[in-house]
Amino acid sequence: MTTIIKYSPRVIGEILNIVHDAVFLINSEKQIIFVNTQMEKMFKANDGQMVGIGFEQLFMPEDRKIMAPNILKLSKEKHEFECETMLRCKDGSSFFGLISCFYFMLENEEFIASTIHDITKMKSIELMLKHSEHEAFLGHLLNDISHHIRNPVIVIAGLAKRLKKGESPEQYSEIISKESRRLEMLLETLNAFINLPRPKLRLASLADLIETVESDIKLIAGDFGVRCEWKISKEVLAHKILVDVPLLVKGICAVFLNACESYNTDT
């Protein structure tokens, strides 16, 4: 047999004061009608200062007209909604919060129960990890560049030693010339990478992107005697992506050129 115990609003409020996250209740007028103790601490507010204010007052000024109403709208439509955003404290400071909203009806009245979790430290850790990953990528990149530059330098140095010993230069001149050109190309590629402009993103269809890159790919393929076949479904070509087309085309061509230089094939 199930026993149902009815608690008064005061008892429920005292229970919610134990919760570590900020908890508050919004009515149909978009006003905050209840907050727990953690809510006041999180927003650095005095006792009773948070009750009666509009939900939008929790946000940064630039987010009050669009973001705040949209969160309430999506919460009502989906019944549950969650997002991350900057929130403003009563003393003017701010923090990064994770807002979770739950829409419900009670005695023919609309309410949204919400919680806020301060994720400022989590975001800081996330940025540190991204920075570490970026440094690791740069380390691998420099190591790869060093490897590609070292090879022609070693070849040229070895042949120079043989020439110094008086060996016939005819058999080495072509090799030295080839490796010198290779080294020059590597340095030019590195310089081009360093001076890449910031991407200028725009919506572009995959069909336009393929059409743009196809002619360049065919030129590279012709130089290496490679045959290219394009098999792309119409559904994929209809999609649009946010991209800097010229920069992406450069990247695709660089990958294709590297593949052609690395493998000898007749197909």
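Look a little higher up for the structure.
Being a predicted model, the structure only gives us computed values, none of them experimental.

(A) Structural view of the overall build of the chain. From N to C terminus, the chain includes eight helices and seven strands. Here the chain holds 267 residues, and 23% of them are scored as buried. Looking at the chain alone, contacts between residues at least 24 apart form 52% of all its contacts between residues at least 6 apart.

(B) Representation of the pairing of strand β2 (residues 32–35). Relative to β2, strand β1 (residues 22–26) runs antiparallel, the two being bridged by three bridges. Of the residues in β2, the one forming a bridge with Phe 24 is Val 35. The antiparallel pairing of β1 with β2 creates a hairpin that spans five residues between the two strands, and Lys 30 there sits at a positive phi of about 65°.

(C) Fine view of the packing of aromatic side chains. What the rule picks out here adds up to five aromatic pairs. Ring centres of Phe 24 and Phe 55 lie 6.2 Å apart, and the angle between their planes is 25°; on these two criteria the pair is classed as stacked. Remark: Phe 55 occurs in the loop between α2 (37–42) and α3 (67–78) and Phe 24 occurs in strand β1; sequence separation between them is 31 residues. The interplanar angle of 75° and the centroid separation of 5.1 Å between the aromatic rings of Phe 55 and Phe 59 together place this pair among those described as edge-to-face. Classification of Phe 55 by relative accessible area gives buried; the value is 0%. Aromatic ring contacts, followed pair by pair, group Phe 24, Phe 55 and Phe 59 into a single cluster.

(D) A look at the pattern of salt bridges. Following the criterion strictly, the structure yields six salt bridges and no others. Across the salt bridge formed by Glu 110 and Lys 76, the nearest N and O atoms sit 3.1 Å from each other. Linking Glu 110 in strand β5 (residues 109–118) with Lys 76 in helix α3, this pair joins segments that are 34 residues apart in sequence. Glu 110 sits in the partly exposed class, given a relative accessible area of 27%. Take Lys 76: its relative accessible area is 42%, and that puts it in the partly exposed class.

(E) Structural detail: the environment of Phe 96. Structurally, the position occupied by Phe 96 is in strand β4 (residues 94–106). Linking Phe 96 and Lys 123, residues 27 residues apart in sequence, is a C-alpha distance of 7.8 Å. If near-sequence neighbours (up to four positions away) are discounted, Phe 96 is found in contact with Glu 84, Thr 85, Met 86, His 117, Asp 118, Ile 119, Thr 120 and Lys 123.

(F) Local environment of the nonpolar core. In terms of nonpolar packing, the biggest core is built from 27 residues, with Phe 24, Met 39, Phe 43, Phe 55, Leu 58 and Ile 116 touching the most fellow members. At the level of secondary structure, the elements contributing two or more residues to this core comprise β1, β2, α2, α3, β3 (80–88), β4 and β5. Here this core gets four residues from one element, more than from any other, and that element is β4. Of all hydrophobic cores here, the second largest spans 13 residues; its members include Val 213, Ala 221, Val 226 and Val 245.

(G) Inspection of the sheet that holds β2 at higher detail. The antiparallel open sheet is built from five strands, whose spatial order is β2-β1-β5-β4-β3. Two strands close off the open sheet at either side, each with one partner strand: β2 and β3. Looking at each pair of strands side by side, their axes are set apart by 25° on average, direction ignored. Seen against the sheet, α3 touches β1, β3, β4 and β5 and runs at an angle of roughly 165° to β3.

(H) Spotlight on the environment of Lys 178. Here Lys 178 is to be found in helix α5 (residues 170–194). With 26 residues separating them in the primary sequence, Lys 178 and Pro 152 have C-alpha atoms 8.9 Å apart.

(I) Highlighting the packing of helix α6 (residues 206–224) against helix α8 (residues 245–262). It is at 10 Å that the axes of α6 and α8 come closest, and there the two elements cross at 25°. The angle between α6 and α8 falls in the class roughly parallel. In terms of crossing hand, the pair formed by α6 and α8 is right-handed. Residues Leu 209, Thr 212, Val 213, Asp 216, Ile 217, Ile 220, Ala 221 and Phe 224 of α6 touch α8, and the partners they reach there are Val 245, Leu 248, Val 249, Ile 252, Cys 253, Phe 256, Leu 257, Cys 260 and Glu 261. Taken together, the residues that form the contact of α6 with α8 break down as 14 nonpolar, one polar and two charged.

(J) Highlighting α8. Under the 1.5 Å per step criterion, the end-to-end length of α8 is 26 Å for 18 residues, consistent within 8% with the ideal 26 Å. For α8, the full list of buried residues reads Val 245, Val 249, Cys 253 and Cys 260. For α8, the arc enclosing every buried residue in end-on projection is 60°, short of the 170-degree limit, so these residues lie on one face. Looking at α8, the residues exposed on the side facing more than 90 degrees away from the buried face are Lys 250 and Val 255. On its buried face, α8 sits against β6 (202–205), α6 and β7 (240–243). Capping the start of α8, Asp 244 holds a side-chain oxygen 3.2 Å from the backbone nitrogen of Leu 247, two or three residues further along.

Scoring rules and cut-offs
Residues numbered from 1 in each chain as written. Predicted model: local features only at pLDDT ≥ 70, side-chain atom pairs only at ≥ 80, totals over all residues. Heavy atoms only, no water. Helix = DSSP H or I, 4+ residues; strand = E, 2+ residues; numbered from the N terminus. Buried < 20%, exposed > 50% of the residue type's maximum accessible area, 1.4 Å probe, protein only. Contact = heavy atoms within 4.5 Å. Pairing = 2+ DSSP bridges. Phe/Tyr/Trp six-rings, centres within 6.5 Å; stacked < 30°, edge-to-face > 60°. Salt bridge = Lys/Arg side-chain N within 4 Å of Asp/Glu carboxyl O. Core = buried A, V, L, I, M, F, W, Y, C linked by side-chain atoms within 4.5 Å. Axes fitted to C-alpha atoms, helices over the stretch in contact; angles between N-to-C directions. Parallel < 35°, antiparallel > 145°, perpendicular 65-115°, else oblique. Left-handed = near helix turned anticlockwise from the far one by under 90°. Nonpolar A, V, L, I, M, F, W, Y, C, P; charged D, E, K, R; others polar. Expected span 1.5 Å × (residues − 1). Arc of directions from axis to C-beta. Polar contact = N/O pair within 3.5 Å; in protein donor to acceptor, adjacent residues only side chain to side chain.

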